[in-house]
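What the coordinates show
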Amino acid sequence: LEHQISFRRGEPCACWYAIAGVGLDVKPGVYTLKFEGSTAAGEKLDFSRTLQIGAAKYPTTTVTVAPQYVEPPKELLARIEEEQAVKRAAFARTAPESVWEGGFAPPTNTEPSGGFGSARLYNGHKQSQHTGLDFHAAIGTPVHATNSGKVLVARPLYYEGNCVMIDHGQGLISIYMHLSEFKVKEGDEVIKGQLIALSGGTGRSTGPHLHFAVRWQGLYLSPATLLALKPPAQ
């Protein structure tokens, strides 16, 4: 979303750029997007724009994984619940200000292999929609931070396998799953393009690949859309 304000003739425009997203469960319809901010002088400004949200069609894919990733054994349920709490806590402590800069870079130099939004049937049972973008990545493929931020999570998780989550500020988090090796630890500050891990096939995975996800203020958004954005240089 871009908004330009001209202060007086001959002066350059001030441009505001903001990221907004639509979750997978949002129903088609007309919605109002509102932006509030202030100038460097402290003047309050706001504007709104009406948007038409249409229906998207996503394919259904069937994948086969180890049975314990469809129906976990009872002795693992406590671990899974503990990890859910870890993720909720991480999602709740993102920085209030943005720390990313410029566009977002792909996490690997390989090609995507699986799209966002598809309904996943694990061993014939529908579990969830695919909330990330998969990349072809043999075990040991370098994985890089898509932009600058702080490492919230860098640990093994049951479903995600070895997983890194990076906070980019304002509720924007990038997530890298099924890794084979960590190159960062929780609390590290990283810059765009920094090596953070090596890819693998850990967790609920059909084989070696990188699952890359983007979470924005509680919603999972299409990573391909974020990677295609071309904000101006700062």
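Before going into details, it helps to say that this report is about the structure given with it. (Residues numbered from 1 in each chain as written. Predicted model: local features only at pLDDT ≥ 70, side-chain atom pairs only at ≥ 80, totals over all residues. Heavy atoms only, no water.)

**Observations regarding the side chain of H168**
Counting through the fold element by element, H168 comes out in the loop between β12 (161–167) and β13 (172–182). Apart from residues lying up to four places away in sequence, H168 is in contact with E97, S98, V99, W100, F104, T146, N147, S148, G149, I173 and S174. (Helix = DSSP H or I, 4+ residues; strand = E, 2+ residues; numbered from the N terminus. Contact = heavy atoms within 4.5 Å.)

**Considerations on the pairing of strand β9 (residues 132–136)**
The buried fraction of β9 is high, at four of five residues. Relative to β9, strand β6 (residues 112–114) runs antiparallel, the two being bridged by two bridges. Bridge assignment links G114 to a residue of β9, and that residue is D134. Two elements, β9 and strand β16 (residues 209–216), share five bridges in a ladder whose sense is antiparallel. Paired with D134 across the two strands is H211, which belongs to β16. (Buried < 20%, exposed > 50% of the residue type's maximum accessible area, 1.4 Å probe, protein only. Pairing = 2+ DSSP bridges.)

**Describing the packing of aromatic side chains**
A complete count under the given rule lists seven aromatic pairs for this structure. Aromatic side chains W100 and F104 sit 5.9 Å apart centroid to centroid with 50° between the ring planes, which places their arrangement in the tilted category. Through successive ring pairs, a cluster of aromatic residues spans Y69, Y158 and Y159. When the ring centre of Y122 is taken as reference, the NZ or CZ atom of R204 above it lies at 4.1 Å. (Phe/Tyr/Trp six-rings, centres within 6.5 Å; stacked < 30°, edge-to-face > 60°. Lys NZ or Arg CZ within 6 Å of the ring centre and 35° of its normal.)

That's the geometry; what it means functionally is another story.
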